[in-house]
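As a plain string of letters, each chain reads:
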Amino acid sequence: MKILLLLTVFILFANCTNKLAIDHHGVNKLSVKQNKLILNETNKNDIIKILGPPSTTSFFDNEILFFIERKEAAGSILKLGDKKIITNDVLIIEINKYGLLEKKTFYNMTKMKKIKISKNKTEVNYQKDTFIYDFLSSMRQKINDPLGKRKKKIITLL
């Protein structure tokens, strides 16, 4: 019986490992691959060939592509599954109307910590006595009671 118990405990501990389980999301080795991109030489097809499809795209005056790399590792047993961020990189690429790389900006964790986020908040200046408020409230009233029957019922009940 002792041998069976020791064998079971040995098998359980033999399967344990000291390596961290790493969850990876996005482009692998983004910091190295972004160095291959050359301004005004690399086109959109080359970018996709080197980095793969972008995480997000945006269209303004120029086309903007976002590439993300994020690696997380499981923390120690004492932290009960808390994850520790190993890598958090973002590459922002602007492509001009000719399809060439116009600008690239690379952010790693240390650069992201230096970014200042504005504390200002946009206030809503909403007044009830505006023309738009009157118009929308009358439209709401007409949608809710198109024939005006509810108003007549309320008056007769009083």
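The present account deals with the structure reproduced in this document. Since this is a predicted model, take the numbers as computed values, not measurements. (Residues numbered from 1 in each chain as written. Predicted model: local features only at pLDDT ≥ 70, side-chain atom pairs only at ≥ 80, totals over all residues. Heavy atoms only, no water.)

**Considerations on the pattern of salt bridges**
- On inspection of all chains with the given rule, the structure shows two salt bridges.
- With a shortest N-O distance of 2.7 Å, Glu63 and Lys44 are connected by a salt bridge. With Glu63 in strand E3 (residues 63-74) and Lys44 in helix H3 (residues 44-51), this residue pair connects regions lying 19 residues apart in the sequence.
- Looking at Glu63, the relative accessible area reads 15%, which means it is buried. (Salt bridge = Lys/Arg side-chain N within 4 Å of Asp/Glu carboxyl O. Helix = DSSP H or I, 4+ residues; strand = E, 2+ residues; numbered from the N terminus. Buried < 20%, exposed > 50% of the residue type's maximum accessible area, 1.4 Å probe, protein only.)

**Considering the nonpolar core**
- Core analysis: the biggest nonpolar cluster contains 12 residues, these being Val27, Leu30, Leu37, Ile47, Leu51, Leu65, Phe67, Leu91, Ile93, Ile95, Leu101 and Phe106.
- Of all the secondary-structure elements, those providing two or more residues to this core are H3, E3, strand E4 (83-95) and strand E5 (101-107).
- For this core, the element with the highest residue contribution is E4, accounting for three residues.
- Discounting chain neighbours no more than four positions away, the residues touching Leu30 are Leu51, Phe67, Ile68, Glu69, Asp89, Val90, Leu91 and Phe106. (Core = buried A, V, L, I, M, F, W, Y, C linked by side-chain atoms within 4.5 Å. Contact = heavy atoms within 4.5 Å.)

**Here we look at unusual backbone geometry**
- One non-glycine residue, Lys29, adopts positive backbone phi at about 55°.
- Take Lys29: it is sitting in the loop between strand E1 (22-26) and helix H2 (30-33).
- Judged by relative accessible area, which is 53%, Lys29 ranks as exposed.
- Of note in the backbone geometry, Asn40 takes a positive phi value of approximately 60° without being a glycine.
- Position of Asn40 among the secondary structure elements: in the loop between H2 and H3.
- Accessibility expressed as a relative area gives 53% for Asn40, which makes it exposed.

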